[in-house]
Amino acid sequence: MIENSAQLGFLSSMELAELANVSQPSVTRFAVAPVFGGYLEMRKFLRTVQPGPDVPGES
C-alpha cells in the first residue's frame with residue numbers, strides 16, 4: 001500500500017481491499033470507524049494526504 005499511496009484515494013473499496021489483502025467489508029468497516037463517516041469520506045481524506053519524506057521509497 002505504501003508503494004501505491006498516491007493512488008489510494010482513487011481506488012474503489014474492492015480495489016483497496018485487494019491491494020491490502022483483506023475483504024471488501026473489512027475496508028468498509030474500517031472506513032466507518034470513529035475517524036471517518038464512510039468510505040467516500042475516507043477517500044477524500046486519502047486524496048489530500050501527501051506522503052512525507054520519511055516514507056520508504058519516496059524521494
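So, here's what we can say about the structure.

1. Quick look at the overall build of the protein
At step 1: Summing up its helical and strand segments, the protein has three helices and zero strands in all.
At step 2: Mapped from its N terminus to its C terminus, the protein presents α and β elements in the order α-α-α.
At step 3: By the burial criterion, 25% of the 59 residues in the protein qualify as buried.
At step 4: For the protein, restricting intrachain contacts to residue pairs at least 6 apart in sequence, the fraction spanning at least 24 positions comes to 33%.
At step 5: Summing over all exposed atoms, the protein offers an accessible surface of approximately 4400 Å²; the carbon and sulfur share of this is 59%.

2. Observations concerning the environment of Phe36
At step 1: Secondary-structure assignment places Phe36 in the loop between helix H2 (24–31) and helix H3 (39–48).
At step 2: Exposure remark for Phe36: the relative accessible area of 14% places this residue in the buried category.
At step 3: Beyond its immediate chain neighbours, meaning those up to four positions away, Phe36 contacts Phe30, Ala31, Glu41, Met42 and Phe45.

3. Looking at the side chain of Ser13
At step 1: Topologically, Ser13 is positioned in helix H1 (residues 13–20).
At step 2: You can call Ser13 buried: its relative accessible area is 16%.
At step 3: There is a polar contact of 3.0 Å between the side chain of Ser13 and the side chain of Gln24.

4. Concerning the packing of aromatic side chains
At step 1: Considering all chains together, one arrives at one aromatic pair under this definition.
At step 2: Considering the side-chain rings of Phe36 and Phe45, the 5.5 Å spacing of their centres and the 55° angle between planes classify their relative orientation as tilted.
At step 3: Owing to a relative accessible area of 43%, Phe45 belongs among the partly exposed residues under this scheme.

Conventions adopted
Residues numbered from 1 in each chain as written. Predicted model: local features only at pLDDT ≥ 70, side-chain atom pairs only at ≥ 80, totals over all residues. Heavy atoms only, no water. Helix = DSSP H or I, 4+ residues; strand = E, 2+ residues; numbered from the N terminus. Buried < 20%, exposed > 50% of the residue type's maximum accessible area, 1.4 Å probe, protein only. Contact = heavy atoms within 4.5 Å. Areas by Shrake-Rupley, 256 points an atom, 1.4 Å probe, with all protein chains shown as cover. Polar contact = N/O pair within 3.5 Å; in protein donor to acceptor, adjacent residues only side chain to side chain. Phe/Tyr/Trp six-rings, centres within 6.5 Å; stacked < 30°, edge-to-face > 60°.

Shape is all these values report; function is a separate question.
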